[in-house]
Amino acid sequence: AKTANWFPTQASTDSASVDTLFNLMLGIATVIFLIIEGGILWSVIFYRHRKGDETDGPSIHGNTTIEIIWTAIPAIIVLILAVMSYKVFADMQAPQPNELALSVTGQQFKWTFIYPYEPFPDLTADQNNAAKSNMFSDVLVLPVNRAIRVDISSLDVIHAFFIPEFRIKQDALPGSVTTARFTPSQIGQYTVECTELCGQGHATMHNLVKVVSNDDYLKFVAGLADNAKKAALDPRRADRGKQLMQQKYPCGSCHTLADAGLTGNVGPKLDGVETRAEKNQDNRLTGSGIDPTSMSPQDAAAQYIRLSIVNPSLFITPGFNDLMPKNFGDPTVMPADDREAIVNYLLTQK
Amino acid sequence: MATSIAAPVAQERTGGIAKYFAWSIDHKVIGVQYMVTSFAFFLVGGLLAELIRTQLASPDAAFLQSGGAYNSLFSIHGTVMIFLFVIPMLAGFGNYLVPLMIGAKDMAFPWLNAFAFWLIPPAGLLLLSGWLVGGQAQAGWTSYFPLSGPKFSPFDGQTLWAISLHMLGLSSILGSINFIVTIKNMRAPGMGWFDMPLFCWAILATSLIALLATPFLSGALTLMLLDRLAGTGFFNIATGGSPLLWPNIFWFYSHPAVYIMVLPAMGIISEVLPVHARKPIFGYRLIALSSLGIGVLGFMVWGHHLFTTLSPLARIPFMITSMLIAVPTGIKMFSWLATIWGGKIHFRTAMLFALGFLSMFLLGGFSGVFLASIPVDVHLHATYFVVAHLHFVLFGGSVLGIFAGIYHWFPKITGRFLDERLGKIHFWLTYVGFFLTFFPMHFLGIEGMPRRVYTYDPKYQLLNDLATLGAYILAIAVMPFIVNVIYSVRKGQLAGKNPWRAMTLEWTTDSPPPDHNFDDMPILPPHPYAYGTPEGAAYIAGEGKVAVPALEHAHGAIESPTAGD
Amino acid sequence: MDLQLARTARLNKFDEQRQARDRDLKNKRTALQLWRVANGGVFAFFILANYLMRQQITPWPPAGVERISATIPLIISLALLLSSWTALRAQRSIRVDNAKGLRGFTLMTLALGVVFLAGMALVWRTTPMTGPYSAIFFTMTGFHALHVLAGMIIFGYVYSKSQRGAYSAENYWGVEAAVVFWHFVDVMWLLYFVVLFVF
Ligand code: HEA
Ligand code: HEA
Ligand code: CUA
Ligand SMILES: [Cu+2]
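Reference entry: report on the structure contained in this document. (Residues numbered from 1 in each chain as written. Chains lettered and ligands numbered in written order. Predicted model: local features only at pLDDT ≥ 70, side-chain atom pairs only at ≥ 80, totals over all residues. Heavy atoms only, no water.)

All names here are of chain B. As a matter of local geometry, ligand 2 sits amid 32 residues, with Arg-53, Tyr-70, His-77, His-391 and Arg-452 nearest to it. Contacts to ligand 2 include Arg-53, whose side-chain N or O atom sits 2.7 Å from an oxygen atom. At 2.8 Å, a side-chain N or O of His-77 approaches a nitrogen atom of ligand 2. At the level of elements, helix H1 (27–56), helix H2 (67–101), helix H13 (384–414), helix H14 (420–447) and helix H15 (461–491) are the ones that each hand at least two residues to the shell around ligand 2. Classifying every residue of the shell around ligand 2 by side-chain character gives 22 nonpolar, six polar and four charged. (Near = heavy atom within 4 Å. Polar contact = N/O pair within 3.5 Å; in protein donor to acceptor, adjacent residues only side chain to side chain. Helix = DSSP H or I, 4+ residues; strand = E, 2+ residues; numbered from the N terminus. Nonpolar A, V, L, I, M, F, W, Y, C, P; charged D, E, K, R; others polar.)

Structure, rendered in structure tokens:
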């Protein structure tokens, strides 16, 4: 597809029609622009007042014909543009056969993508259920030339799902599910941006998109399923906690943690969090209602980290605001297994 | 009636400068108070903009490391520029000019007028004091819930933001009532609706919009305050609130509000162009009525800010109404062009700014129509393309219009001219700086750079650096203006009653006007824009005028000879 | 000749004053009309908010929350309606220069206002805070009650001025403004009553 090169790559089947519409509008605008700016320039050059001429210009108050013309022509133009826009939009929205449905969750300040899950026959129903919630990825991997439907939701504030190369944008609203449809048409790497102001980390809320061949896609999903199965069998491992913090939960958009490669700066650094807790720095234990004399230092640290996640308002680290999400205590947002895996992992950060 | 040809003399100014700092119920003093106060807020908002551009000069957050601090910058920049600069500045023009233009002694309710003004300075200080208390607001000038709710914005600044806007809203409502009553009831005897200068039509349309739209903002702000202070949860989905209530109400107010910000500026343009092009305004009636048309349509388009939010079907009607607004606005554009066409243009600074308005607002209007197309907006929404659009209409439109107005009426307000040489430097620096700052943003938006980000992909750096350079030029550009005003107020060349040989009533009285505006009953011109006619020339020269006894006047016995064309 | 001129001048002056007063009155009437438009906008906004909340929550009131009884509100609605009538009578009285009638009916209006607010307070005391249903209820009735209070303050002012004989058939703007505002508040209550208790 050819396009004026100021647009990003056309990587979805609808990109071209959006660009064409834009360029058409630009063409019309250019004509009107030239007429009006040309008229202004012409007047500026030829209708200057000459020195010494103190008379007025001609007394013309209006002209009905010409006024009707410049009312009618723009009206016709915009109505045509509206009809054309509607057509392009209707095409973009139309459901496609054989859609791949993914769900996308926005949370301060990260996107998480959940893939469809095929139950493993060798797992129990409970295990399968647990595995299902582990079909997550922080990279949006998509098969090329397959119609995609994403069901978008938000766990906290309003976010917006935007892939410039696909010309697609849709708000993620708390409490309801919105959908967006597109068909990637070019293998490559893109980004999902967040384009609705969602807080201090809004600028860094973007994830990688990889459009791959169908084979690669199948491999990727198989890998996810494997990982999910392992997670279901032994969910509370510290190394799984690390993976959860990197990929499933948005911790890294606010916290820095060298071991996991996290670099956020909205909340405190998590390096050494275990030591800080064990030593009751700034009275964080007592501040969270933990009595350090009643349990071992390790238990106290574990309890502190747990409380920091499920009820972050109990104790506010000095120098920071009460901005950590309050919904990690909700088991539908963070199942207990995930939480314990993260606690176990953070306990290793001395 | 003294003629305008008599040599200008310095007018005795009663009370000197002190009266501008005190409670006054003279609409002229209040008008100046509005203008000076809001200009101070322009500098504050501009300073914040310079900080924004400094941050964005490099992609890697080299200046401010925290997203929160940056979010406060643009939130307060947008709020200050809109609610504390453009709206009150234009209200200031309205206050100063409307009574003079319709030949009245004052506004209908002078005390109320002063009260409405004095709500503004404390509201502004309240807003800015967010930096001193527990955290400045940082949810954008749109302050969408839930982000602006108590859970995600535990900052006192957000509460102050809401209180401040509440006060400004009340001020705006009271001001509008005053304008409507004044224009409806206080016109000089014999002045029909269609004998009013177009600026008065613009203020009338603006006031009607403000009167109908602002109460909804006040209601929504009340709920916001209750949510933040009393824990009600109106916008919180978990407690049965509706997170979309706020965006809908906010834009139900704020889209009409963008016309509150541009219609009076368009009114200024309709005054400045004919005077300096020496030609009648073209299509008076349609310009007057299109203001009302824009006002009515403006209430039906708010959903175009929510094209990625609303359900797909609900977006369609908003697209159609939004695009239709191009029609009444186009009527104005073409009429202005026809006004200068064939005229005898005097290139004074006021005229340069007015021509600048014509050329730049046009671009802003076009980008608006692009955004009104749903599929195009789906790509461009919340990118720098929107930032480009809003500054082209607000800076290229309202602000250039405001400057045109200042250069045009400064001689009336102070009795002295602004210096033309400094004025031209001011104009060219502003024009070039403006274009350099905001034009590149279109391309950034098309490429996909989101707005409201404090750090970005390095591939966008070049265009951002151009914008930053332009912003620094803009900061330099205001300096000659400030110097010019301070110098010319005291030392500028004397202007006399009617230096531009204009035909609206404010030019028939002294500069600055006496306390009660007119020493005698003002005599109406044949038409506010009767340029190029013998009657008009005679009127400007002040010839052939007989003072008419007040009684006859009061009964409307003297009709203007060619009223309404 | 001289006499003629002097007479015209006197007439002019008289005429001017009279005109200024007439115009002033006209301005105030227009302004009050516009104020009702703006104020009514805020009232309408809360109705809209109420409507949108109901769209979101079914059933309304939410399960487990009891509907607020309409008995007391109905009684105080009648009181308010009656007060609109007494307010009207107050204005009628002063129009025929009956200052005593003005004072009497103003007092009655005030008394009925007190009845309304007392009844409202009773309703508030017996309504528990339960979430969205009560939140919008308190907001709407609270907002309205503030306006009743404002109306009563205006009537109180009118009463104290009327004791000093400030009003006459020629000059009763204060009374008129109070009555017009009172009718407005009354009509708003009827709307709110329907929204809150009927639907
Ligand atoms: C002075 C203020 C002002 C004015 C006048 C306008 C005018 C218009 N605006 Fe703009 N707008 C803003 C201020 C303004 N806007 C602001 C502040 C925002 C961003 C808010 C935020 O999110 O922070 C915004 C955002 C905004 C959006 C949302 C973008 C998004 O967030 O995705 C849209 C979408 O439709 C839009 C459309 C329009 C249209 C159609 C007009 C029309 O009125 C323009 C009409 C004018 C013309 C078209 C030019 C002259 C006409 C002719 C010469 C006739 C011939 C023309 C044609 C046939 C095309 N505007
Ligand atoms: C009338 C309205 C108006 C005006 C005039 C301006 C003027 C400017 N704006 Fe503004 N802007 C908005 C309204 C306006 N803006 C709005 C509504 C938003 C959206 C906010 C949001 O997203 O919530 C916005 C957002 C916005 C952004 C996007 C931020 C983001 O999304 O991350 C940027 C970025 O460049 C910007 C830049 C500028 C610049 C460089 C100017 C320049 O024109 C300013 C020029 C400055 C001066 C002329 C004054 C300089 C003076 C001094 C340096 C001296 C100061 C001295 C003292 C105070 C004593 N603006
Ligand atoms: Cu999420 Cu911005
Ligand atoms: Cu809009």
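From this point, the narrative continues.
Before going further, it helps to examine the packing of aromatic side chains. The final tally for this structure, using the stated rule, is 79 aromatic pairs over all chains. Summarising the aromatic geometry, the rings of B:Phe353 and B:Phe427 are spaced 5.0 Å apart at their centres and angled 85° between planes, so their arrangement reads as edge-to-face. Linking B:Phe353 in helix H11 (residues 349–372) with B:Phe427 in helix H14, this pair joins segments that are 74 residues apart in sequence. The two residues B:Phe353 and B:Phe427 agree in class, both being buried. Ring-pair connections join several aromatic residues into one group, and the members of that group are B:Phe216, B:Phe252, B:Phe299, B:Trp302, B:Phe318, C:Phe43, C:Phe45, C:Phe46, C:Phe143, C:Phe181, C:Phe184 and C:Tyr192. The ring of A:Phe162 carries the charged tip of A:Lys169 above its face, separated from the ring centre by 3.9 Å. The ring of B:Trp193 has B:Arg187 lying over it, and the distance from NZ or CZ to the ring centre is 4.1 Å. (Phe/Tyr/Trp six-rings, centres within 6.5 Å; stacked < 30°, edge-to-face > 60°. Buried < 20%, exposed > 50% of the residue type's maximum accessible area, 1.4 Å probe, protein only. Lys NZ or Arg CZ within 6 Å of the ring centre and 35° of its normal.)

Now for the side chain of B:Thr455. Relative to the helices and strands, B:Thr455 is located in the loop between H14 and H15. Engagement of the side chain of B:Thr455 in a polar contact is seen with the backbone oxygen of B:Pro59, the distance being 2.7 Å. With residues near it in sequence (within four places) discarded, B:Thr455 still touches A:Ala203, A:Thr204, B:Pro59, B:Asp60 and B:Ala61. (Contact = heavy atoms within 4.5 Å.)

Moving on to the packing of H1(B) against H13(B). Residues and elements named next belong to chain B. Direction vectors running N to C along H1 and H13 enclose 145°, while the axes themselves pass 13 Å from each other. The interaxial crossing formed by H1 with H13 has left-handed handedness. Contact residues: H1 offers Val-32, Met-35, Phe-39, Phe-42, Arg-53 and Leu-56, while H13 offers Tyr-384, Phe-395, Phe-403 and Ile-413. Residues of the contact of H1 with H13, tallied by class, amount to nine nonpolar, no polar and one charged. (Axes fitted to C-alpha atoms, helices over the stretch in contact; angles between N-to-C directions. Left-handed = near helix turned anticlockwise from the far one by under 90°.)

A few words now on the side chain of B:Asp106. All names here are of chain B. Counting through the fold element by element, Asp-106 comes out in the loop between H2 and helix H3 (110–118). As a buried residue without a salt bridge, Asp-106 has its nearest oppositely charged side chain in Lys-28, at a separation of 6.3 Å. Reaching out from Asp-106, the side chain makes a polar contact with the backbone nitrogen of His-27 at a distance of 3.5 Å. (Lys, Arg positive; Asp, Glu negative; His and termini not counted. Salt bridge = Lys/Arg side-chain N within 4 Å of Asp/Glu carboxyl O.)

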